[in-house]
Amino acid sequence: MNIAIHGIGFPKEFVPHVKELIAHLQEQKISIFFTEAFSKSLKKHHVKIESYEPLLPKSLISEMDFVLSVGGDGTLLDTVCLVGSHEIPIVGINSGRLGFLATVAKDDIQQAVKSLINQEYTIEKRALVSVHTDKQLFNGVNFGLNEFTIHKRDTSSMITIHTYIDGQYLNSYWADGLIAATPTGSTGYSLSCGGPLISPGARNFVLTPVSPHNLNVRPMIISDECEISFKVEGRGEKFLVSLDSRSTTIDASDELKIKKAPFAACLVKFPGYHFFDTLRQKLNWGFDMRN
């Protein structure tokens, strides 16, 4: 079995758990590969590991059986970009607080490794949103797990985002921005802007305006089989677009289209996990003196 470990930074307090993870993998005679970013994190904390191979993402990532994401939800989003269209199962190991995506707690690392070896897990396929323009954006990595966002670049006037669904005019949003979120992304930026929570298995996108000028404009759920296109207007000539945690600027003349990517993010879930449990804990549902 080949397993890659990816991480873009973890706290010093998590080092013993990283060592524990690697030791359990080595005990099972698993071939371990580190990404360059994870290797740098180990060196930063003066952690020396033997019996591993460096990972060259473009040439070796397709040969991995699993990719372990060590960090938080942000690290897992980065891991999704690393895996790309290969659809290699991703295990999210959380180095901090409870995450929506990185669901393996530090105390459950040994059991997680055992479950991988014994094939005691399920794969959740999460839809990705892909962006299409006449120019290359986001260094060619045009897909994301959470959301695509159009936002004003400065702090002054709002922008107008003309929005079309399968070529049919939907609305012109006068707002600070507009979020197009996947079900996975419905618990992120979209939620903080008043968007609904969507179950991960739903086949939908949600359009959520950011600080809309018209108070009767509300988030809208649409099928993820649709193609959504945008045309942006404003006082400036440049606007900000983001795909998960990656951002860049576009011109007013650029037309944007988004649709569901032809591949998915495959997240490993172990026995005892359920999205609704995470939802209750993360959002503090039920924390009421009457309960």
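Owing to the predicted nature of the structure, the values given are computational and were not obtained by experimental measurement. (Residues numbered from 1 in each chain as written. Predicted model: local features only at pLDDT ≥ 70, side-chain atom pairs only at ≥ 80, totals over all residues. Heavy atoms only, no water.)

How should I be thinking about the pairing of strand β17 (residues 256–269) in this particular structure?
Both faces of the sheet carry side chains from a regular strand, because those side chains alternate between them. Taking burial as the measure, the 14 residues of β17 include 10 buried ones, the bulk of the element. Pairing analysis gives 10 bridges linking strand β6 (residues 122–132) to β17, with the strands arranged antiparallel. Looking across to β17, one finds that R126 is bridged to A265. Two strands pair when backbone bridges link them, and strand β14 (residues 228–233) and β17 are joined in this way by three bridges, in the antiparallel orientation. For F230, the partnering residue across the bridge sits in β17 and is L256. (Buried < 20%, exposed > 50% of the residue type's maximum accessible area, 1.4 Å probe, protein only. Helix = DSSP H or I, 4+ residues; strand = E, 2+ residues; numbered from the N terminus. Pairing = 2+ DSSP bridges.)

I'm lost on the UniProt feature "active site" (unreviewed entry) in the protein in this one. Help?
Look at the UniProt record and you will see "active site" (unreviewed entry) annotated at D73. With respect to the element layout, D73 can be found in helix α4 (residues 73–83). Here D73 falls in the partly exposed class, since its relative accessible area comes to 23%. (UniProt positions renumbered as here; feature names shortened; annotations may be inferred.)

Honestly, the domain arrangement of the protein in this entry has me stumped. Any pointers?
Accessible area lost upon the coming together of the parts is a frequently used measure of interface size. In terms of domains, the protein is made up of domain 1 (2–121 + 270–283) and domain 2 (128–262). With centres defined by C-alpha atoms, the gap from domain 1 to domain 2 works out at 30 Å. Contact with domain 1, which involves 10 residues of that partner, is made by 14 residues of domain 2. Between domain 1 and domain 2, the buried area comes to about 940 Å², and carbon and sulfur atoms account for 84% of it. Three residues, L77, C81 and F275, lead the burial of domain 1 against domain 2; their summed loss comes to 47% of the area buried on that side. (Domains from an automatic or database assignment. Contact = heavy atoms within 4.5 Å. Buried area = accessible area lost by both parts, 1.4 Å probe.)

Help me out: how do you make sense of the sheet that holds strand β16 (residues 246–251) in this one?
Two modes of strand pairing occur in sheets, parallel and antiparallel, and in both the strands are linked by backbone hydrogen bonds. What the six strands build is an open sheet, ordered β13-β12-β11-β8-β15-β16; its pairing is antiparallel. Two strands lie at the open edges of the sheet, namely β13 (220–223) and β16, each paired on one side alone. Here the strands of the sheet are splayed against their neighbours by 20 degrees on average, with no regard to which way each runs. Two strands pair when backbone bridges link them, and strand β15 (residues 238–243) and β16 are joined in this way by six bridges, in the antiparallel orientation. Note on β16: the bridge partner recorded for L243 is R246. (Axes fitted to C-alpha atoms, helices over the stretch in contact; angles between N-to-C directions.)

How should the UniProt feature "binding site: NAD(+)" (unreviewed entry) in the protein be read in this particular structure?
When the UniProt feature table is mapped to this numbering, "binding site: NAD(+)" (unreviewed entry) covers D73, G74, N146, E147, D176, T187, G188, Y189, S190, L191 and S192. In sequence the annotated residues extend across 120 residues, and in space they extend as well, their farthest C-alpha pair lying 25.4 Å apart. With respect to the helices and strands, S190 occurs in helix α6 (residues 189–192). For S190, a relative accessible area of 0% gives the class buried. Once residues lying within four places of it in the same chain are set aside, the contact partners of S190 are I179, A181, G185, G195, V206 and T208. For S192, the position within the fold is in helix α6.

Got a minute to help me understand the pattern of salt bridges in this structure?
Any two side chains of opposite charge can pair, so long as their charged atoms come close to each other. For the structure on display, the rule yields 11 salt bridges. A salt bridge links D251 to K135; its shortest N-O distance comes to 3.3 Å. Taken together, the residues D251 in strand β16 and K135 in the loop between β6 and β7 (143–144) connect sequence positions 116 residues apart. Note on K135: relative accessible area 36%, which makes it partly exposed. Between K260 and D224 there is a salt bridge whose closest N-O contact spans 3.6 Å. Here the residue K260 occupies a position in strand β17, and D224 occupies one in the loop between β13 and β14, the gap between them amounting to 36 residues. For D224, a relative accessible area of 3% corresponds to the buried category. Via salt bridges that share partners, K135, K238, D251 and D254 belong to a single interconnected network. (Salt bridge = Lys/Arg side-chain N within 4 Å of Asp/Glu carboxyl O.)

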